[in-house]
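One letter stands for each residue in the lines below.
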Amino acid sequence: MLQANTSSLATDVQTTTKRAGAARTQASAEPPAAGVQEPKPLLEVKDFEVAFQSSTGTVQAVRKASFCIYPGQSIAIVGESGSGKSTIASAVIGLLPGTGKVTGGKILFDGKDITHCTRKEYEALRGSKIGLVPQDPMSNLNPVWTIGYQVREALVANNVAKGSEAHKVAVEMLEHAGLPDAERRAKQYPHEFSGGMCQRALIGIGLACNPKLLIADEPTSALDVTVQKRILDHLNELTSELGTAVMFITHDLGLAAERASYVVVMHRGRIVESGPSLEILQNPRHPYTKRLVQAAPSLSSQRLSAGVVRAQAPGMPTKAEGEQSGGGQGRAGEVLRAEHLVKVFDIRGAKGEKQQLRAVDDVSFTISRGTTLAIVGESGSGKSTVANILLGLLDATSGEVYYEGVAASTLSKTDMFEQRRKMQPVFQNPYGSLDPMMSIYRCIEEPLRIHKVGTRGEREKRVAELLDLVSLPRSAMRRYPGELSGGQRQRVAIARALALNPEIIVLDEAVSALDVLVQAQILQLLADLQSELSLSYLFITHDLAVVRQSADEVIVMRDGKTVETGTCVELFANPQEQYTRDLIAAIPGGSIPLWVGD
Amino acid sequence: MKRYVGRRLLQLIPVFFGATFLIYAMVYALPGDPIAALGGDKGLPPAVRLAIEKEYHLDQPLIVQYLYYLKGIFTFDFGVTFSGRPVVEVMADAFPWTLKLALMAIVFESVFGIAFGVFAGLRRGGVFDSTVLVLSLLLIAVPVFVIGFLLQFIIGVKLGWLPVTVDRSMSFKSMLMPAIVLGAVSFAYILRLTRTEVARNATADYVRTATAKGLSRPQVVTRHILRNSLIPVITFIGADLGALMGGAIVTEGIFNIPGVGGTMYKAIFQGEAATVVSFTTILVLVYIFTSLIVDLLYAALDPRIRYE
Amino acid sequence: MSETQVYPGQEHTFSDIDETGLGAVDAVPDDRPPASLLGEAWRQLRRRPIFWISAALILFSVLIALFPWLFTSVDPRYAELSHSLGLPEPGHPFGFDKQGRDIYARTIYGARASVAVGVLTMLISVTIGTIVGSIAGFRGGWADSLLSRVTDVFFAIPFVLAAIVIMQIFKESRSIWTVVVVISLFGWPQIARICRSAVMEAKQEEYVTAARALGSGGLSNMLRHILPNAAAPIIVYATVALGSYIVTEATLSFLGIGLPPTIVSWGADISSARSVLREAPQVLFYPAGALALTVLGFIMMGDVVRDALDPKARK
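Conventions used here
Residues numbered from 1 in each chain as written. Chains lettered and ligands numbered in written order. Predicted model: local features only at pLDDT ≥ 70, side-chain atom pairs only at ≥ 80, totals over all residues. Heavy atoms only, no water. Helix = DSSP H or I, 4+ residues; strand = E, 2+ residues; numbered from the N terminus. Rg over C-alpha atoms; globule rule 2.2 N^0.38 Å. Buried < 20%, exposed > 50% of the residue type's maximum accessible area, 1.4 Å probe, protein only. Contact = heavy atoms within 4.5 Å. Areas by Shrake-Rupley, 256 points an atom, 1.4 Å probe, with all protein chains shown as cover. Lys, Arg positive; Asp, Glu negative; His and termini not counted. Charge placed at Lys NZ, Arg CZ, Asp CG, Glu CD. Patch = residues over 30% accessible without salt bridge, like charges linked within 9 Å, V, L, I, M, F, W, Y side chains within 5 Å. Salt bridge = Lys/Arg side-chain N within 4 Å of Asp/Glu carboxyl O. pLDDT = per-residue confidence, 0-100. Domains from an automatic or database assignment. Buried area = accessible area lost by both parts, 1.4 Å probe. Polar contact = N/O pair within 3.5 Å; in protein donor to acceptor, adjacent residues only side chain to side chain. Pairing = 2+ DSSP bridges. Axes fitted to C-alpha atoms, helices over the stretch in contact; angles between N-to-C directions. Parallel < 35°, antiparallel > 145°, perpendicular 65-115°, else oblique. Left-handed = near helix turned anticlockwise from the far one by under 90°. Nonpolar A, V, L, I, M, F, W, Y, C, P; charged D, E, K, R; others polar. Phe/Tyr/Trp six-rings, centres within 6.5 Å; stacked < 30°, edge-to-face > 60°. 1 Å grid on protein atoms, 1.4 Å probe; cavity = no way out; pocket = protein on both sides within 12 Å on 5 of 7 lines; lining within 4 Å. Points joined across faces, edges and corners; volume = space filled by probe spheres on them. Arc of directions from axis to C-beta. Expected span 1.5 Å × (residues − 1). Bend = angle between axes of the 7 residues up to and from the residue. Core = buried A, V, L, I, M, F, W, Y, C linked by side-chain atoms within 4.5 Å.

### Section: the overall build of chain C
When helices and strands are tallied, chain C shows 10 helices and one strand. For chain C, the sequential pattern of α-helices and β-strands runs β-α-α-α-α-α-α-α-α-α-α. By the compact-globule yardstick of 20 Å for 315 residues, chain C is too spread out, its C-alpha radius of gyration being 28 Å. On the principal axes, the C-alpha backbone points of chain C span a range of 105 × 50 × 35 Å. Counting every position in chain C, which comprises 315 residues, the buried fraction comes to 54%. For chain C, restricting intrachain contacts to residue pairs at least 6 apart in sequence, the fraction spanning at least 24 positions comes to 70%. By element, 64% of the accessible surface of chain C is carried by carbon and sulfur atoms, the whole surface being about 13,900 Å². A distance of 12 Å separates the average location of the 25 positive side-chain charges in chain C from that of its 26 negative side-chain charges.

### Here we look at a nonpolar patch on the surface
Residue and element names in this part refer to chain B. A contiguous nonpolar surface patch, about 570 Å² in accessible area, is contributed by Val107, Val111, Phe112, Phe116, Phe119 and Phe128. With five residues, the top contributor of residues to the nonpolar patch is helix H5 (residues 87–122). With respect to the secondary-structure elements, valine 111 resides in helix H5. For valine 111, a relative accessible area of 48% gives the class partly exposed.

### Brief notes about the confidence of the model for chain A
Residues and elements named next belong to chain A. In the predicted model, chain A carries a mean pLDDT of 82, and the fraction of residues at 70 or more is 86%. Here residues 1–36 is modelled with pLDDT under 50, and outside its nearest four sequence neighbours on either side it reaches 53 contacts, counting other chains as well. Low pLDDT, under 50, characterises residues 308–331; the predicted model gives this stretch 27 contacts beyond four residues in sequence or across chains.

### Details of the domain arrangement of chain A
Residues and elements named next belong to chain A. Once the domains are mapped, chain A shows domain 1 (1–30 + 37–126 + 250–296) and domain 2 (334–429 + 504–585). Counting residues at the interface gives eight residues for domain 1 and six residues for domain 2. Of the roughly 620 Å² buried between domain 1 and domain 2, counting both surfaces, carbon and sulfur atoms make up 62%. Sorting the residues of domain 1 by area buried against domain 2 places Glu80, His251 and Ala295 first, and these three jointly supply 63% of that buried surface. At the junction of domain 1 with domain 2, the criterion picks out zero salt bridges. For the pair domain 1 and domain 2, the interface holds one residue pair in polar contact (both at pLDDT 80 or more).

### Quick notes on the sheet that holds strand E2 (residues 43–54) of chain A
Residues and elements named next belong to chain A. With antiparallel pairing, the four strands of this open sheet are ordered in space as E3-E2-E5-E6. Strands at the two margins of the open sheet, each flanked by one partner only, are strand E3 (57–69) and strand E6 (112–113). Two strands pair when backbone bridges link them, and E2 and E3 are joined in this way by nine bridges, in the antiparallel orientation. Opposite valine 45, over in E3, you have phenylalanine 67 as the bridge partner. Against the sheet, helix H2 (residues 85–92) contacts E2, E3 and strand E5 (101–109), and its axis sits at roughly 70° relative to E3.

### Considerations on the packing of helix H2 (residues 49–66) of chain C against helix H10 (residues 282–309) of chain C
Residue and element names in this part refer to chain C. Running from N to C, H2 and H10 point in directions that differ by 140°, and their axes come no closer than 8 Å. On the basis of their axis angle, the class for H2 and H10 is oblique. Where H2 crosses over H10, the two elements pack in a sense that is left-handed. Facing H2, whose interface residues are Ile50, Phe51, Ile53, Ser54, Ala55, Leu57, Ile58 and Ser61, H10 presents Leu293, Thr294, Gly297, Phe298, Met300, Met301 and Val304. Its residues assigned to classes, the contact of H2 with H10 comprises 11 nonpolar, four polar and no charged.

### Side note on the packing of aromatic side chains
Residues and elements named next belong to chain B. In the structure shown here, the tally under the stated rule is 24 aromatic pairs over all chains. Aromatic pair tyrosine 265 and phenylalanine 269: ring centres 4.9 Å apart, planes at 55°, arrangement tilted. A residue pair is termed a helical-turn pair when its members lie 3 or 4 positions apart in one helix, as tyrosine 265 and phenylalanine 269 do in helix H12 (residues 260–270) at four residues. On the basis of relative accessible area, tyrosine 265 is assigned to the partly exposed category, the value being 24%.

### A short note on unusual backbone geometry
All names here are of chain A. Even without glycine at this site, arginine 268 takes up a positive phi of about 50°. Inspection of the secondary structure puts arginine 268 in the loop between strand E10 (262–267) and strand E11 (270–276). With relative accessibility at 26%, the residue arginine 268 sits in the partly exposed group. Positioned with a positive phi, serine 534 is a non-glycine residue whose angle comes to about 55°. For serine 534, the location among the structural elements is in the loop between helix H18 (516–533) and strand E19 (536–541). Look at serine 534 and you get buried, because its relative accessible area is 10%.

### Examining the pattern of salt bridges
All chains considered together, the criterion is met by 37 salt bridges over all chains. Here Glu445(A) and Arg459(A) are joined by a salt bridge, their closest N and O atoms 3.2 Å apart. With a gap of 14 residues between them, Glu445(A) in helix H15 (residues 440–450) and Arg459(A) in helix H16 (residues 456–469) connect regions that are remote in the sequence. Here Arg192(B) ties to Asp303(C) by a salt bridge, and the two come within 2.5 Å at their closest N and O atoms. On the criterion of chain membership, the pair formed by Arg192(B) in helix H8 (residues 172–202) and Asp303(C) in helix H10 is interchain, its members lying in two chains.

### Brief notes about the interface of chain C and chain B
Interfaces are often described in size by the accessible area the parts lose on coming together. Each partner contributes to the interface: chain C provides 37 residues, whereas chain B provides 41 residues. Overall, the association of chain C and chain B removes approximately 3,600 Å² of surface from exposure, summing both partners, and the carbon and sulfur fraction of that is 81%. When residues of chain C are sorted by the area they lose upon contact with chain B, Arg149(C), Leu161(C) and Arg274(C) head the list and together hold 16% of the total. For the pair chain C and chain B, the interface holds one salt bridge. Those elements that provide at least two residues to the side of chain C that touches chain B are helix H4 (141–156), helix H5 (159–169), helix H8 (218–254), helix H9 (266–273) and H10 of chain C. Counting residues per element, the side of chain C that touches chain B draws most heavily on H10(C), which supplies nine residues. Class assignment for the residues of the side of chain C that touches chain B results in 28 nonpolar, three polar and six charged.

### Re a negative patch on the surface
Residues and elements named next belong to chain A. Taken together, the side chains of Glu165, Glu172, Glu175 and Glu183 define an acidic patch exposed on the protein surface. The dominant element in the negative patch, judged by the number of residues it contributes, is helix H5 (residues 163–176), at three residues. Take glutamate 183: it is sitting in helix H6 (residues 182–185).

### Observations regarding empty space enclosed by the protein
Tallied over the entire structure, the rule returns seven cavities of 30 Å³ or more. Here the second largest cavity is characterised by a volume of approximately 60 Å³. Lining the second largest cavity are Gly127(A), Ile130(A), Gly131(A), Leu132(A), Ala154(A), Asn158(A), Ile205(A), Gly206(A), Cys209(A), Thr209(B), Ala212(B) and Lys213(B). Put simply, the parts of the chain that give the lining of the second largest cavity at least two residues each are strand E7 (130–133) and helix H7 (195–207) of chain A together with helix H9 (205–212) of chain B. With three residues, E7(A) is the single largest residue contributor to the lining of the second largest cavity. Of the residues assigned to the lining of the second largest cavity, the class counts are six nonpolar, five polar and one charged.

### A short note on H9(C)
If you check which residues of H9(C) are buried, you get Trp266(C), Gly267(C), Asp269(C), Ile270(C) and Ala273(C). Looking straight down H9(C), one finds that the buried residues subtend no more than 165° of arc, so they occupy a single side.

### What about helix H6 (residues 176–203) of chain C?
Residues and elements named next belong to chain C. The end-to-end C-alpha separation of H6 is 38 Å, in line with the 40 Å expected for 28 residues at 1.5 Å each. For H6, the principal kink sits at leucine 185 and spans about 35°; a proline, proline 189, occurs within the next four residues. A side-chain oxygen of the first residue of H6 lies 3.1 Å from the backbone nitrogen of tryptophan 177; this N-cap is serine 175.

### Let's talk about the nonpolar core
Formed by 168 residues in total, the largest nonpolar core has its most connected members in Phe145(B), Phe149(B), Phe279(B), Ile164(C), Leu255(C), Ile270(C) and Ile299(C). A per-element tally of this core places H10(C) first, with 16 residues. In this structure, Phe145(B) is in contact with Val250(B), Ile254(B), Ala250(C), Thr251(C), Phe254(C), Gly267(C) and Ile270(C), ignoring residues within four places of it in sequence. Among the nonpolar cores identified, the runner-up in size contains 60 residues, and Val225(A), Val376(A), Leu448(A) and Leu525(A) belong to it.

This is the structure we're talking about:
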């Protein structure tokens, strides 16, 4: 379906020269070449094409891609998974995976054609001229070698330092990369490091030999938001100090705009738009870029509302009514209340001694009918533990959960079984939440079957309805999870959660593994369903930008404790705690005003 | 690390008692009356018989006999055979043969298994890989005794390169062919394991990162692919020593080696309970000992284990 | 950031507004038939020649085992010493063994014992191993510790030696069943180990948690979600193990403690061929070759099935 005529592609690149008026003055942020002569690009990618050989034939991963990077400049290649952005990055450093082959065009580095280098030539280039900071910090360090050894290795291989000298330089590099106590840390192994520390070590490795170009492939997407920001800031400091050019590969338009001066947008192997980052964000021209910009969850975005007027289902109290009555004595709108939840885990410390971890420490909240409560926190904040307690998967150490005013601990086993119908989960991992052995029909039917609802025929009708509800074609019933994309699986998971007409849906990071456009779609679907079915959501997430788009009330958690609570609007407009402010500030590109549609 | 090894040690204690008791019970159930056999055709006078039964605690129930036996083991008293020879002496005769055979087999299977496996794994799908894979399957499919017969016939008899049977001095040359036969199946397993591990690690993220650091291909292969791939291979090799010693009986039979297998075989048929139980106990101890070594090796090779 | 220098080649450009290349976000494929995990595995298997070769070998050996009389009308036990080590002649394509029995007929009839022992042992081992392994993996805690130690005990005992002792106990009443029981006794622990780790892995999956949140009980989760997802490694191992059980049976028969001499078996024939190896290698060749081909069929099958079921091979 995508076999567009490649010959026409060469000509369909238009140039709109929007050079922002007379803004050709020397920019302070980007060091251009001295004097008046035109600066020479450090890296030039020209009409570049990559194809992969698969069992069904050749798949074109990159088509006619052209862009360039100047010395010391930061650029970003933005795209969703499968857009070909990582393929370009791999090709630049000569690490195309598997059956990938360059089928056309060329890459010039420092004026030299490196498209078809020999292995030896690449080895000379890697590390010393082009560095790499990979995506997943935990899997990119060899678990059996110390961190110090892995930095030293880069130094020795590129003849930067030798022997004990190399050790000294390695420790310095780690210190420079922002690891405190580097001398001791260098002797430790990757599993003793947190994700953020591993990424710092990898940045240290990437910059160890002072390369001219650093490829940062989604360098922080696996990390907590505040850590993300600190690491990107630090990376920025280091590279501007060293004059290193950086090529960010990212799915996050906000991050791209904030960290790069030039942005390349890729879609299905093609560059659809490129230009100065602010231009792209504020004046996108290609329909795909427009979609991306509109979908980008950033601070300037608003609470999503349903296509129809929100919360007006007949017979249901509207949000306003719920709030009013909730403020009074009746608590009519309350569907769930948690009081002083505490969960203590017995764990073992570093030396094997017994310790207690207060994963959830005195957390209380109320969810009103038809509204969304978001629990925001970074990893280890205890937010998922709260979700598991509510779902009855974990017993709280103390505290109580009330379902419509009834304490959960007073429920009998059969009542609890009935209670489970009213609250359903949607989990984070779209690849783990559906049983791969079951068809979509059986996945969605499972809750009905467990709760013995209806006859076979009735269930089949219900499954079809549910698929309609989540905008999947009824034909999807016969398919298997392995055939669907992440977003589609998440729709199926939502349909399964809706099967028993629940009142509350617990969304545990339900959209964080999805691409931006798909994420926006799912969030819209959730908003539509909420107004249509008067659902209440408990949104567990690390992503404040998503909270802004979907929550009414917010709880910020850290280390098991509640840091701040409030309505979404209040919290963003006027955060009371420093930690909340840090979280808000960490949203990439949060401060950049976006194009808001024509 | 200490906790980890300590826990494994604790787990192995019940295994020792369980295994030795099971063996003891099985030998106890062996048919035949060895005491009667002692008397030859004439038969033993009842008084003598009673005395012998008393001496060997044969009049006691199974569990008591087992406890007496355990007591003997802990005082290094393995008892005597029915002909009056201390079992320790029998062991001293047999074990060196089997130990040497097993060690030579281990060296052979590790060196060739790893070398072939690495080459096959680095060039997965190539000619060498495919050939070696088919050969390894054949080695697993053909019983050891067929391999033994064929090697003995071709190399020993037809070509005359190596002696057909071993000599008393346990010379390297005469032990070589038996060692290869004994190690043949494990060789195939090691080869396949190494190949899978190498192929898996070669696509690991950290290998890509190591390449991106500017390391040369040989450096990447040795430090990152091999180092990580060998962890499960080495643990397999460690665990194999016990298996080879206990499983050498077929090979020993083919090459007329007076090792553990042959001695046990005879003892079982003669109902020599003390010999059978003692030999098996030693083999169980070898298993437990090598398991512990493997755990230590694992902890030494994989830093993640140390902090469990 | 408001005033940024624009370098040559970095002007704002965009490609043709080409909506066809854009497509709907996240459309469900509707051009392909549904593909279950097993269906996919089957599609992959079909393309591998090794699969067809091993399937043919397995089918052939099972056929011979079930209906040996379809392949020969000669009595494998009929001995005529005048034919001792005789060369092939019409009606006797493989020649004769030392007792003057027809090698072709013995090779054909030998399949039955081997295949029967292999299949029966596999069934018993898989049943016991799966039950023990799933209880240990699913329950965890003390049940796991206890069952794992029991499994370890069987690993610690040297198999061939223990097998000799047990076969010696049942010296008088040896049959196919004694051999099956002895091999199963030492075969199930391996399957229990594999099953245990597969179950432990599968029970962590989010779809199991989702079913628990629905109030679905432990046993029904086990049968519905965990076991089907843990089955792949067990199936693969069981196929390979079937082959190795056949080799084990031959080894026991070779040692003279396997099947009773009244049953025609490749192991015993190989053993007796040894003494005449120099004069008549064909006496060894045919039973050994038949044994190797049968076993090869099963272990190659296990190998290709493993590749086809490996979830990592697909996305």
